[in-house]
Amino acid sequence: MLNSSPLVVRKRLPLHVRVLLGFVLGALLGLAAHFYAVDAPITHAIIVYGTKPLGQIFLNLLFMLVIPLMFSALVLGVAELGDIASLGRLGWKTLMYTAAVTGMAVAIGLILVNVIQPGLHLDPALVQQAMASNAAKAGDIVTSGNQLDAMQLLVNIVPKNVMAAAVDEKGTLGVVFFALMVGIGIVLTPSPATEAFKHALQGLLEVSMRLIGLFILLAPYAVACFMFTLCAQLGWDIIVGLSWFVATVLLAIALHMFVVLPLWVRYMGGMPVRVFFRGSQEATLTAFATASSTATLPVTLRVAEDNLGLPRKVSRFVLTVGASANHHGTALFEGVTVLFLAQVFGMHLPFLQQLMVLMLCILGGIGTAGIPSGSLPVIAMICGIVGLPPAGIGIIIGVNTFLDMCRTALNVTGDLATAVVVSHRSGVMDVPAME
């Protein structure tokens, strides 16, 4: 008689757990490399020929699909609304909720800066050292900031060449506007030809989503590469030197992420907090690793539909627009940084000027490109408006990469929270069961 043994099936770890493991492993190895062999040729070679290009390839794979995904998802989202009145109601709700929650984020940041006053704890010698070591990069950022103009940003939302807007990393709002116009055109022109066009776009969307599903399996390895590069190059020195500033930003992000958004989702969106965070954690971790809300958009869309159960016609519209214009974390960071620099340079900003900074940060969050470090030129522009030396941006460049990852995670989580609230308030999503 043959002995039968049960078939052993190995259950693979969930993707978000593997991403978290990649994050921890990459960070530990990077810190070890920085501590024991920061100047060793092997460390330099691993970064230049290994982790940095591998991480960039992963980002390029995601960026490659952003434009086709963004265009097809938004056109179909508008077309599925069925009428212009529904689009108008959805658009106004998205705009109002975005402005309200972004304003809360900036207000939290400004309050904490006034209470903690991180700029007063910074060693003047470190200020000079940071500005001197980052003078060239700060000069490029200031030049970009000087080229920014609020009215020009508004004009550029309507692209004169949609192909050029698609190529330009800062032109995503132009692509969004063009997709909105195409969607409206489909709604106004019901015909067999437009139905065929919708089917073609649906095919493009499904192909893009399938490819994203394949690419995202590489996320744990890409996250490990990102974290190794970051920790091996920076270590703890620069973070300790600017610890008060870093702590202020992180505390503001944490308050908004774990206090404001849960209350917003529960009482305005009708969704249990645990359901929301458990469903959105994959997108949040991907945003943290890539430091780009635009690159994370494919994952955000999939998470919204598959994990949170949001209706496609709402999630596609809100999240696609949000990836370009709904940046809670970015606006918060801009406000904290401007007031921090004011304290560093001994400049007192009265209440009315801080209120102006709040409004500029809300608008700046909309005009900021959803790419790594896209907020720095906007900060330089705001500094120039309030009378601060824009070159002071060089002080925080050393810790910007890590903080960029944190605020992008908040950006994407805020996009999903807004999508939940808009879906619930539009009456197109049932309240999930409590768990």
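Everything quoted here is computed from the prediction, not taken from an experiment.

Rules behind the numbers
- Residues numbered from 1 in each chain as written.
- Predicted model: local features only at pLDDT ≥ 70, side-chain atom pairs only at ≥ 80, totals over all residues.
- Heavy atoms only, no water.
- Salt bridge = Lys/Arg side-chain N within 4 Å of Asp/Glu carboxyl O.
- Helix = DSSP H or I, 4+ residues; strand = E, 2+ residues; numbered from the N terminus.
- Buried < 20%, exposed > 50% of the residue type's maximum accessible area, 1.4 Å probe, protein only.
- Polar contact = N/O pair within 3.5 Å; in protein donor to acceptor, adjacent residues only side chain to side chain.
- Axes fitted to C-alpha atoms, helices over the stretch in contact; angles between N-to-C directions.
- Left-handed = near helix turned anticlockwise from the far one by under 90°.
- Contact = heavy atoms within 4.5 Å.
- Parallel < 35°, antiparallel > 145°, perpendicular 65-115°, else oblique.
- Nonpolar A, V, L, I, M, F, W, Y, C, P; charged D, E, K, R; others polar.
- Core = buried A, V, L, I, M, F, W, Y, C linked by side-chain atoms within 4.5 Å.
- Patch = residues over 30% accessible without salt bridge, like charges linked within 9 Å, V, L, I, M, F, W, Y side chains within 5 Å.
- Areas by Shrake-Rupley, 256 points an atom, 1.4 Å probe, with all protein chains shown as cover.
- Expected span 1.5 Å × (residues − 1).
- Bend = angle between axes of the 7 residues up to and from the residue.

## Some details on the pattern of salt bridges
Enumeration over the complete set of coordinates arrives at four salt bridges. A salt bridge links Lys 198 to Glu 195; the nearest nitrogen and oxygen atoms lie 3.6 Å apart. Within this pair, Lys 198 and its partner Glu 195 are both found in helix α9 (residues 192-215), separated by three residues, close to a single helical turn. Since its relative accessible area comes to 38%, Glu 195 is described here as partly exposed.

## Things to note about the side chain of Thr 194
Position of Thr 194 relative to the elements: it lies in helix α9. Among the residues examined, Thr 194 registers a relative accessible area of 14% and is labelled buried. Reaching out from Thr 194, the side chain makes a polar contact with the backbone oxygen of Ser 191 at a distance of 2.8 Å.

## Examining the packing of helix α12 (residues 243-268) against helix α16 (residues 328-344)
Interaxial distance between α12 and α16 falls to 10 Å at its minimum, and their mutual angle equals 145°. Regarding α12 and α16, the two cross each other, and that crossing is right-handed. Side by side, α12 and α16 meet where Phe 245, Thr 248, Val 249, Ala 252, Ile 253, His 256 and Leu 261 of the first sit next to His 328, Leu 332, Phe 333, Val 336, Thr 337 and Phe 340 of the second.

## Let's talk about unusual backbone geometry
Backbone geometry places Gln 117, a non-glycine residue, at a positive phi of 50°. Position of Gln 117 relative to the elements: it lies in the loop between α3 (84-116) and α4 (124-133). Judged by relative accessible area, Gln 117 falls into the partly exposed class, the value being 34%.

## Here's the deal with the packing of α12 against helix α13 (residues 273-290)
For the pair α12 and α13, the least separation of the axes is 10 Å and the interaxial angle reads 120°. Relative to α13, the element α12 is oriented oblique. Considering the relative orientation of α12 and α13, their crossing is right-handed. Counting all contacts with α12, which are made through Met 257, Phe 258, Pro 262, Val 265 and Arg 266, the residues of α13 involved are Val 273, Phe 276, Phe 277 and Thr 284. Its residues placed into classes, the contact of α12 with α13 shows seven nonpolar, one polar and one charged.

## Focus: the nonpolar core
One finds Met 227, Phe 245, Met 271, Phe 276, Phe 317, Val 338 and Leu 416 to be the most contacted residues of the largest nonpolar core, which totals 112 residues. In terms of residue count, the dominant contributor to this core is helix α2 (residues 41-81) (13 residues). In this structure, Met 227 is in contact with Phe 23, Gly 26, Ala 27, Phe 288 and Met 405, ignoring residues within four places of it in sequence.

## Some details on a nonpolar patch on the surface
On the surface, a nonpolar cluster with roughly 610 Å² of combined accessible area is contributed by Leu 251, Leu 255, Phe 258, Val 259, Leu 263 and Tyr 267. Tracing the sequence through the fold places Leu 263 in helix α12.

## A closer look at α12
Taking 1.5 Å per residue, 26 residues should reach 38 Å; α12 reaches 35 Å between its end C-alpha atoms and fits that length. Where α12 bends most, the angle comes to about 30°, and this point is Val 260, followed within four residues by the proline Pro 262. Gly 270 sits one or two residues past α12 and shows a positive phi near 65°.

## Examining α13
Along its 18 residues, α13 runs 25 Å from first to last C-alpha, staying within 8% of the 26 Å computed at 1.5 Å per residue. The largest bend in α13 comes to about 50°, at Gln 281. Among the residues making up α13, those that are buried are Val 275, Phe 276, Gly 279, Ser 280, Glu 282, Ala 283, Thr 284, Thr 286, Ala 287, Phe 288, Ala 289 and Thr 290. Positive phi appears at Ala 291, one or two residues downstream of α13, with a value of about 55°.

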